[in-house]
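Remarks on the overall topology
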Amino acid sequence: GAVVSQHPSRVICKSGTSVKIECRSLDFQATTMFWYRQFPKKSLMLMATSNEGSKATYEQGVEKDKFLINHASLTLSTLTVTSAHPEDSSFYICSAPRARMAEAFFGQGTRLTVV
Amino acid sequence: EDQVTQSPEALRLQEGESSSLNCSYTVSGLRGLFWYRQDPGKGPEFLFTLYSAGEEKEKERLKATLTKKESFLHITAPKPEDSATYLCAVSQSSSNTGKLIFGQGTTLQVKP
């Protein structure tokens, strides 16, 4: 069964509104989680590293004020897309390694459509 | 620059026609190499982890191997349900977070 759960799987929102995506590790604690964005027929692009109890680390070119990440507990990280615009429409995926340096498990992904 | 390159970009096979997918990497200190399978509209599904040259792992019709420069994912007698995008990723020994560097993937289509 899934060890990382992501919710919602699909969301449609109006331009200018904010959307929150949740990522939960189900049977292990994750001090670190990762957020990716994937464009059609492209590979995963790392957006940021979510650290439990501290600030997220963003990759170059990713706007930290647009993509707010909160890792409030050892099993939950959230990504909030603020003031969403159509160009933010994409497939967002989270992952968490079961243990430090171990394989990462991925959530089911969230298809965001901004209209 | 650390990089992961997968080839071919796309592969079409007939059911039962065995083949291999390639993942070449250049990374300053390999901690691990990972293979994932991704179906359309879904998150990647973990397949294998390889840590050192010469290591091999198998799961059903899939076998992953690792050398100092590349990894192969061998698919023996594939079935249509093996159709998916296969992603290769590496983690660096210098990273203390387990951050992965992904290749662009190989999209496999197996026709009955």
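Above this note sits the structure.
The model shown is predicted, which means the values in this text are computed figures rather than measured ones. (Residues numbered from 1 in each chain as written. Chains lettered and ligands numbered in written order. Predicted model: local features only at pLDDT ≥ 70, side-chain atom pairs only at ≥ 80, totals over all residues. Heavy atoms only, no water.)

**Structural notes on the sheet that holds strand β3 (residues 19–25) of chain A**
Residues and elements named next belong to chain A. One open sheet accounts for four strands, arranged β1-β3-β8-β7; its pairing is antiparallel. Of all the strands in the sheet, the pair left with one neighbour each is β1 (4–7) and β7 (67–73). Going from strand to strand, the sheet's axes swing by 15° on average, the running direction of each strand aside. As judged from the four bridges shared by β1 and β3, these two strands associate in the antiparallel manner. When the sheet's bridge partners are listed, Gln-6 is paired in β3 with Cys-23. (Pairing = 2+ DSSP bridges. Helix = DSSP H or I, 4+ residues; strand = E, 2+ residues; numbered from the N terminus. Axes fitted to C-alpha atoms, helices over the stretch in contact; angles between N-to-C directions.)

**Here we look at the pairing of β7(A)**
All names here are of chain A. Pairing analysis gives five bridges linking β7 to strand β8 (residues 76–81), with the strands arranged antiparallel. Along β8, the bridge assignment pairs Asn-70 with Thr-78. Connecting the antiparallel pair β7 and β8 is a turn made up of two residues.

**A word on the packing of aromatic side chains**
Under the definition given, this model contains eight aromatic pairs over all chains. Here Phe106(A) and Tyr36(B) contribute two aromatic rings whose centre-to-centre distance is 5.1 Å and whose plane-to-plane angle is 85°, an arrangement assigned as edge-to-face. In this pair, Phe106(A) is assigned in strand β10 (residues 104–106) and Tyr36(B) in strand β4 (residues 30–38), connecting two distinct chains. The exposure class of Phe106(A) is buried, given its relative accessible area of 8%. Among the residues examined, Tyr36(B) registers a relative accessible area of 0% and is labelled buried. (Phe/Tyr/Trp six-rings, centres within 6.5 Å; stacked < 30°, edge-to-face > 60°. Buried < 20%, exposed > 50% of the residue type's maximum accessible area, 1.4 Å probe, protein only.)

**Brief notes about the pairing of β4(B)**
All names here are of chain B. The element β4 is largely enclosed, with a buried count of seven among its nine residues. Across eight bridges, β4 lies against strand β9 (residues 84–92) in antiparallel orientation. Counted as the bridge partner of Gly-32 is Ser-91 from β9. Inspection of the sheet shows β4 paired to strand β5 (residues 45–50) by five bridges, in the antiparallel sense. Across the sheet, Trp-35 pairs through a bridge with Phe-48, a residue of β5. Hairpin remark: β4 followed by β5, antiparallel, with six residues in the connecting loop; positive phi at Gly-41, about 75°.

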